[in-house]
Structure formats: C-alpha cells, structure tokens
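Listed below, chain by chain, are the residues.
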Amino acid sequence: MDNDSRIGLFGGTFDPVHFGHLRPAVEIAEQYQLSTLFLMPNHRPGHRGPTGASTDHRIDMLAMAIKDAPQLALDTREAERDEPTYTINTLREIHAEQPTATLVFFLGMDSFSAFETWHEWEGILELANLVVLDRPEATHSVFSKQLMQRQRAKNGGEIVNGRTGVIQSCQITQLAISATDVRRRIASDLSVRFLLPDDVSEYIGANNLYRSKKSL
Ligand code: ATP
C-alpha cells in the first residue's frame, strides 16, 4: 500500500493546542501509518471579539508544539482565510489538488456526536473517511451511533486507499484535557503545567493570552 496517497487531517480550534490534541495526533499518525498528519486550525472570525487567542497566536503555538514531531505538520489554509469556511469546502479543495489521495479526517467523539450539524455532512462522507477518537466523558449521540452502523454496513470497516465513507473509531490514550479548561485556569491564575507543552505555556504568558474571563 502506498501510504503517501493517504492524507490525514485533524481539524480544530486549537485555542490553545494541548496534550489532549498532541498525544492522540502522534498515536494516530503511527496507527494509520501516515507519512504526515496535518493539524488544521480553523478560522475564527475577528468580530467574535477577545474570545481566546488570535489566529496568528494559535498558529504560532501549534507550530511551536509540533516542531519536534516529524509526523505532524500544519495546514493553515482555513485559518488564513478572511471568511469562515466549512470542512466540506476544504476537503473539496484538497481533493481537487490531489484527486487520487485517500482523505482521512480525524475528530474527537464530542465533535462526531454532533456531526449531523456539520454543513453538508453527507458530502463529507463522499470525499473522506472519518476516524473518531475516544475522549473522556464524550459519548455517541443516537445519530452518530446509527450513522456509524449505517456506514459500516455499506462500506465495511476498513480504510483502504481509494475509499471514502468509512467511519472507524480509534482507541488512543485518553486525556481529559480541554482547551476550555486550560483557558479557565489561566483566567483564574492557576497553573496549566503538564496540560500543554512548556514553551506553549511560556508563549501564553509572554503574550498575556487568555487572562480575561471574557475569553472563556
Ligand atoms: P474547546 O474546549 O475550546 O472546545 P477542545 O479542547 O475541544 O476545545 P478543539 O480545538 O475544539 O479542542 O478540538 C479539535 C479536535 O480535537 C476536535 O475533533 C476534538 O474533538 C478533538 N479533541 C480535543 N481534545 C481532545 C481530547 N482530550 N481527546 C480526544 N480528542 C480531543
């Protein structure tokens, strides 16, 4: 199997990136034999005000966090757009760039359980495969459970190159860390040591990020 034709994507706000993103990212890159897993920060509209960090800060923190992880890379196409974009549009763009590649989109169980709210979710399954990461305290919704069963009946459970619409779940080391909790601790002057990389934590301090309770 030619693994170069398999593209792994892991989207999110990463506000800020933490070990609950990074440890699973390394594990899935290994489990799925991805030459590269692209972390894809999404766009955050400026008009939302001082909610969390700016796009530039989120990208800087991600770049810092993955600098010594050769399997991980950044794809900033969504973050750098002026307008918010939908996952389906990004997948269409990547598919147009690399029509023969197999796209594997990774998402946490909390995100997958709300997958029916994603714009053109049926279209996403026509372009990509999904791998759902276990996350502490996140469970299936009725919809997500049925969708997984439906796709399994339709496609089987194996992601082979050239395929789309397969949904798998993936067991990873579960870490009960969330960006919301990290932001809350910072705003309350509590330590975030060992929840995210030290240099990211130093960057947050140096740039005075997440100090305001408004950013929660
Ligand atoms: P917030 O608390 O701000 O909602 P978050 O910690 O959930 O943020 P996101 O940037 O929204 O982080 O998450 C990006 C992706 O990573 C999503 O698919 C999410 O489900 C997944 N994810 C985030 N944290 C974890 C975790 N601890 N374990 C497994 N998956 C996670």
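1. Let's talk about the overall build of the chain
What the chain contains, in helices and strands, is 8 helices and 6 strands. For the chain, the succession of helices and strands along the chain, N to C, is β-α-β-α-β-α-β-α-α-β-α-β-α-α. The C-alpha atoms of the chain give 17 Å as radius of gyration, which agrees with the globular expectation for 216 residues (17 Å, within 12%). Considering only C-alpha atoms, the chain reaches an extent of 50 × 35 × 35 Å along its principal axes. Here the chain holds 216 residues, and the buried ones make up 49% of them. Across the chain, every contact between residues at least 6 apart in sequence was considered, and the portion connecting residues at least 24 apart equals 75%. When the accessible area of the chain is evaluated, it comes to approximately 10,700 Å², of which 47% is carbon and sulfur surface.

2. Concerning the site of the ligand
The environment of the ligand is made up of 20 residues, and the closest members are F14, D110, L175, A179 and T180. Within the side chain of S111, an N or O atom sits 3.2 Å from an oxygen atom of the ligand. A total of 600 Å² of accessible area belongs to the ligand in isolation, and the protein chains cover 87% of it. Of all the secondary-structure elements, those providing two or more residues to the shell around the ligand are β1 (6–12), α1 (19–31), β4 (102–108), α4 (109–112) and α7 (179–187).

3. Re helix α2 (residues 55–66)
Taking 1.5 Å per residue as the helical rise, α2 with its 12 residues ought to reach 16 Å, and the 17 Å between its terminal C-alpha atoms agrees with that figure. For α2, the secondary structure elements touched by its buried residues are α1, β2 (37–41), β3 (72–74) and α8 (198–206).

4. Some details on the sheet that holds β4
Spatially, β3-β2-β1-β4-β5-β6 is the arrangement adopted by the 6 strands of the open sheet, whose pairing is parallel. In this open sheet, the two edge strands, each paired with only one partner strand, are β3 and β6 (167–170). The sheet shows a mean angle of 30 degrees between the axes of neighbouring strands, direction not considered. The sheet contact formed by β4 and strand β5 (residues 128–133) spans 6 bridges and is parallel. Bridge pairing links L107 to V132 in β5. Contacts from helix α6 (residues 142–155) reach β5 and β6, with the element oriented near 120 degrees to β6.

5. A closer look at the nonpolar core
Counting residues in each nonpolar core, the largest one holds 38 residues, and the members touching the most others are L37, M61 and F106. Of all the secondary structure elements, the ones that give two or more residues to this core are α1, β2, α2, β4, β5, α7 and α8. In terms of nonpolar packing, the next biggest core, distinct from the first, is built from 25 residues, I7, L9, I94 and L127 among them.

6. Details of the side chain of S144
Along the chain, the position of S144 falls in helix α6. A polar side-chain atom of S144 sits 2.6 Å from a polar atom in the side chain of H140. A polar atom in the side chain of S144 sits 2.9 Å from the backbone nitrogen of S141. What S144 contacts, discounting residues up to four positions off in sequence, is F112 and S113.

7. Some remarks on the environment of A187
Here A187 is to be found in helix α7. Between the C-alpha atoms of A187 and K213, which are 26 residues apart in sequence, the distance is 5.5 Å.

Rules and cut-offs
Residues numbered from 1 in each chain as written. Predicted model: local features only at pLDDT ≥ 70, side-chain atom pairs only at ≥ 80, totals over all residues. Heavy atoms only, no water. Helix = DSSP H or I, 4+ residues; strand = E, 2+ residues; numbered from the N terminus. Rg over C-alpha atoms; globule rule 2.2 N^0.38 Å. Buried < 20%, exposed > 50% of the residue type's maximum accessible area, 1.4 Å probe, protein only. Contact = heavy atoms within 4.5 Å. Areas by Shrake-Rupley, 256 points an atom, 1.4 Å probe, with all protein chains shown as cover. Near = heavy atom within 4 Å. Polar contact = N/O pair within 3.5 Å; in protein donor to acceptor, adjacent residues only side chain to side chain. Expected span 1.5 Å × (residues − 1). Pairing = 2+ DSSP bridges. Axes fitted to C-alpha atoms, helices over the stretch in contact; angles between N-to-C directions. Core = buried A, V, L, I, M, F, W, Y, C linked by side-chain atoms within 4.5 Å.

Any link to function would need more than the numbers given here.
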